Amino acid sequence: MAKNKDYTFKYNQNLGRHGWLRLTPAYSVKLVEEILGEDNLFSKKKISSGTVFDPFCGTATTGIVAAEYGLNSMLYEINPFLYWFSTAKSQNYSSVDIDDQLTHIKESLNSDHYKEYCKSWIPPMKNIERWWDSITLEHLGKLHEFLFEELGGPTIRSSVSNLAWISFARLIIESSAADFGHISVSFKETCNSYEETEILSLFIKSLEYISDSAKHSLKGNVKIISGDSRNVCLDEKVNYVITSPPYPNRISYIRELRPYMYWLGFLNSGEEAGELDWAAIGGTWGSATSKLSTWKCDTSWSKPACLTDAVNKIRESDSKNGKTLAQYVLKFFYDIYLHFKNLIKNLENGCELYYILGNSSFYGNMVHTDLIICEIMKSLGYKNPVAKVIRKRNSKKELFEFQIEATWHT
Ligand SMILES: C[S@@+](CC[C@H](N)C(=O)[O-])C[C@H]1O[C@@H](n2cnc3c(N)ncnc32)[C@H](O)[C@@H]1O
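Notes on the structure in this doc start here.

The rules behind the values
- Residues numbered from 1 in each chain as written.
- Predicted model: local features only at pLDDT ≥ 70, side-chain atom pairs only at ≥ 80, totals over all residues.
- Heavy atoms only, no water.
- Near = heavy atom within 4 Å.
- Polar contact = N/O pair within 3.5 Å; in protein donor to acceptor, adjacent residues only side chain to side chain.
- Areas by Shrake-Rupley, 256 points an atom, 1.4 Å probe, with all protein chains shown as cover.
- Nonpolar A, V, L, I, M, F, W, Y, C, P; charged D, E, K, R; others polar.
- Pairing = 2+ DSSP bridges.
- Helix = DSSP H or I, 4+ residues; strand = E, 2+ residues; numbered from the N terminus.
- Axes fitted to C-alpha atoms, helices over the stretch in contact; angles between N-to-C directions.
- Contact = heavy atoms within 4.5 Å.
- Salt bridge = Lys/Arg side-chain N within 4 Å of Asp/Glu carboxyl O.
- Buried < 20%, exposed > 50% of the residue type's maximum accessible area, 1.4 Å probe, protein only.
- Core = buried A, V, L, I, M, F, W, Y, C linked by side-chain atoms within 4.5 Å.
- Phe/Tyr/Trp six-rings, centres within 6.5 Å; stacked < 30°, edge-to-face > 60°.
- Parallel < 35°, antiparallel > 145°, perpendicular 65-115°, else oblique.

## Notes on the site of the ligand
At step 1: Near the ligand you find 23 residues, and of these T59, T61, E77, D228 and S229 are the closest.
At step 2: In this structure, a nitrogen atom belonging to the ligand sits 3.4 Å away from a main-chain N or O atom of I78.
At step 3: Contacts to the ligand include I281, whose backbone N or O atom sits 2.9 Å from a nitrogen atom.
At step 4: If the ligand stood free it would expose 600 Å²; the protein chains cover 99% of that surface.
At step 5: Of the residues belonging to the shell around the ligand, the class tally is 13 nonpolar, seven polar and three charged.

## Topic: the sheet that holds strand β6 (residues 238-243)
At step 1: Spatially, β5-β2-β1-β6-β7-β11-β10 is the arrangement adopted by the seven strands of the open sheet, whose pairing is mixed. Either end of the sheet is taken by a strand with one partner, and the two such strands are β5 (222-226) and β10 (383-392). When the angles between neighbouring strand axes are averaged without regard to direction, this sheet yields 15°.
At step 2: The pairing of β10 with strand β11 (residues 400-408) spans seven bridges and is classified as antiparallel. Paired with K392 across the strands is F400, a residue of β11.
At step 3: Of the strands in this sheet, β1 (52-54), β6, β7 (347-358), β10 and β11 touch helix α1 (residues 29-36), which is tilted by about 150° from β6.
At step 4: Lying over the sheet, helix α3 (residues 80-89) contacts β2 (73-77) and β5, oriented at roughly 165° with respect to β5.

## As for the pattern of salt bridges
At step 1: Counted according to the given criterion, the structure contains 16 salt bridges.
At step 2: The partner of K215 in a salt bridge is D99, with the nearest N and O atoms 2.8 Å apart. Taken together, the residues span a long stretch of sequence, with K215 in the loop between α8 (196-214) and β5 and D99 in helix α4 (residues 95-110) at a distance of 116 residues.
At step 3: In this structure, the salt-bridge partner of K142 is E196, at a minimum N-O distance of 3.2 Å. In this pair, K142 is assigned in helix α6 (residues 134-151) and E196 in helix α8, connecting sequence segments 54 residues apart.
At step 4: Overall, the relative accessible area of 9% leaves K142 in the buried class.
At step 5: Counted as one network, the salt bridges with shared partners bring together D228, R230, K331 and D335.

## Let's talk about the nonpolar core
At step 1: Residues F333, F340, L353 and Y382 are the most contacted members of the largest nonpolar core, which totals 64 residues.
At step 2: Top contributing element to this core by residue count: helix α13 (residues 322-343), with 12 residues.
At step 3: Here F333 is in contact with P248, W301, L307, V367, T369, I372, I373 and I376, once residues within four sequence places are set aside.
At step 4: Core analysis: the next-biggest nonpolar cluster, separate from the first, contains 56 residues, I128, A178, I210 and L264 among them.

## A word on the packing of aromatic side chains
At step 1: On inspection of all chains with the given rule, the structure shows 26 aromatic pairs.
At step 2: Their ring planes at 85° and their centres at 4.8 Å tell us that Y114 and F146 sit as a pair that is edge-to-face. Residue Y114 is located in helix α5 (residues 112-116), and its partner F146 is located in helix α6; the two are separated by 32 residues in the primary sequence.
At step 3: Relative to W263, the ring of F168 has its centre 5.6 Å away and its plane inclined at 70°; by these criteria the two rings are edge-to-face. Remark: W263 occurs in helix α9 (residues 253-263) and F168 occurs in helix α7 (residues 161-174); sequence separation between them is 95 residues.
At step 4: On the basis of relative accessible area, F168 is assigned to the buried category, the value being 0%.
At step 5: Among the aromatic residues, those joined into a ring-pair cluster are W121, W131, W132, F148, W165, F168, F187 and W263.

## Concerning the packing of helix α12 (residues 305-317) against α13
How two helices sit against one another is set out by the angle between their axes and by the gap between those axes.
At step 1: Taken N-terminus to C-terminus, the directions of α12 and α13 make an angle of 160°; their axes are 7 Å apart at the nearest point. Classified by the angle between their axes, α12 and α13 sit roughly antiparallel to one another. Facing α12, whose interface residues are L307, V311, I314 and R315, α13 presents G322, K323, L325, A326, V329, L330 and F333.
At step 2: Classifying every residue of the contact of α12 with α13 gives eight nonpolar, one polar and two charged.

Encoded structure:
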């Protein structure tokens, strides 16, 4: 089976709001369209009413596609930056406000005031010189301070100023040495050096693109909730759950998102990064790894045999790190179990659930995410969980992405 880029975040890059920021954890718009639309992998139908829920919102792909179909949705997200970004990304804006802001920013950046402005701010990111050279950093730091004075910082209130901050977030990645050729962010050998005029023109180009796509109103309403999907508590019951949780593959969203989070004020230190990562499912960066060694699984949980088998094999495979990785996999699925258990009270009778997830491998031992999740769902009373392969993720290893579908009946 061929690797299918249409089913990854790459598909979203030129699709209006979906292309605002390039984020590896995002899934493809196409996946959600196929579930809501007529080419569903499982059946042919069109969903035209009911509330959609995404407990692992990320960049709000599910909510925005649902809104494009005229459906209302609720989304949960634990990461403060993604909560802010998704909220800003899924709001409707007045075209007049958007145009006024664009004109104002263009004039301000052309003014003598900006030319003479000499404040600058650099975030306290470790090894920042791997991302930007000192000249580029100075220009970014100056623009950051200026925008902050002109607009205030990113805000959870509905404000066009958030569009400028999203443009700034695009700019920091475009001007960095980040290399997205791998599943996790890596670095090019050298950083490019940008002149001030180049930085400002990249920023304006992004702001124009984002401003233009923000004028296209969404038909449905998207409500983003800052919360933990292990403990979902919604105001109303939902008809569809469409989501992609973290995978058990040790990708840290805080690590991936750290340039945005530091520059936009959502992260201030390495300690904070470890705390935030530990709070998320699958968090394993910095202090989150050491916390795994003392974490204890609830002994009353009767876990699937295929999970016990994988965990035991991983533990025995390496005397140095086997125990930590076994704990990591066990905690990941225990958290997923808590999610499914506490989700039930929020589901309408007949609710359809669609989960996009990948399997993983540690020391050559496969973690069969698809089988484990189906077993967890069955044990909690979900009906007919089935998994289908969507795509192969890696040409060498047996790594796949699955769509797991089930229903809930009271
Ligand atoms: C695979 S990403 C979702 C990507 C999303 N489908 C998109 O298109 O952007 C998983 C998300 O789950 C979030 N997450 C992890 N643990 C969580 C928790 N306990 N509660 C809510 N969200 C969580 C992560 O921060 C991450 O944004």
